[in-house]
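Structural features, examined
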Amino acid sequence: MKKIDAPEKVIFMCDGKKCGRYNKSLRKCFKEELKEAGLKKDVDIVRMECTDNCKQAPVICLQPQNVWLAEVNEKGAKEIVNQYFIKE
């Protein structure tokens, strides 16, 4: 078994039917914010299966904090990066 060298911090994005509608633009926004903050190599963005929270789409999970956020929009991406990944 070989260990993969991956960042300890991850933004998991629900890729279910409803959340998936928002993912392309939201993922791009998070990538830009992480790059601007100098965290491009420190935080990974990963798609996850449907979380069955469709009424609250789009849904993301921040690790290692284990914080789940609903109704995330592009405007909130900068705030999320600042609050959960920069000010630690």
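This report concerns the structure included in the present document. (Residues numbered from 1 in each chain as written. Predicted model: local features only at pLDDT ≥ 70, side-chain atom pairs only at ≥ 80, totals over all residues. Heavy atoms only, no water.)

1. Notes on the pattern of salt bridges
Applied cut-off: When a carboxyl oxygen of Asp or Glu is within 4 Å of a side-chain nitrogen of Lys or Arg, the pair counts as a salt bridge. Strands here are runs of E lasting at least two residues and helices are runs of H or I lasting at least four, both read from the DSSP assignment and numbered beginning at the N terminus. Only protein chains enter the accessibility calculation, which uses a 1.4 Å probe; a residue is then buried when its area is under 20% of its type maximum, exposed when over 50%, and partly exposed in between.
Counted by the stated rule, this structure contains one salt bridge. With its nearest N and O atoms 3.7 Å apart, the salt bridge here joins Glu 36 to Lys 78. On the criterion of sequence distance, the pair formed by Glu 36 in helix H1 (residues 20-36) and Lys 78 in helix H2 (residues 74-86) is long-range, its members being 42 residues apart. Residue classification places Glu 36 among the exposed positions, given a relative accessible area of 60%.

2. Digging into the sheet that holds strand S3 (residues 60-63)
Note the cut-off: Whether two strands pair depends on DSSP finding at least two bridges between them. Angles here are taken between N-to-C directions and fall from 0 to 180 degrees, while the axes themselves are lines fitted to C-alpha atoms, restricted in helices to the stretch in contact. Working rule for contacts: check all heavy atoms of both residues, and any pair within 4.5 Å makes them a contact.
Strand order in the open sheet formed by four strands is S2-S1-S3-S4, with mixed pairing between adjacent strands. At either end of the open sheet lies a strand with only one pairing partner, and these are strand S2 (43-48) and strand S4 (67-69). The mean angle between the axes of side-by-side strands here comes to 20°, regardless of whether they run parallel or antiparallel. Strand direction decides the pairing type here: S3 and S4, joined by three bridges, are antiparallel. Looking at S4, one finds that Ile 60 is bridged to Leu 69. Sheet strands touched by H2: strand S1 (9-14), S2, S3 and S4. Its angle to S3, the strand with the most contacts, is close to 25°.

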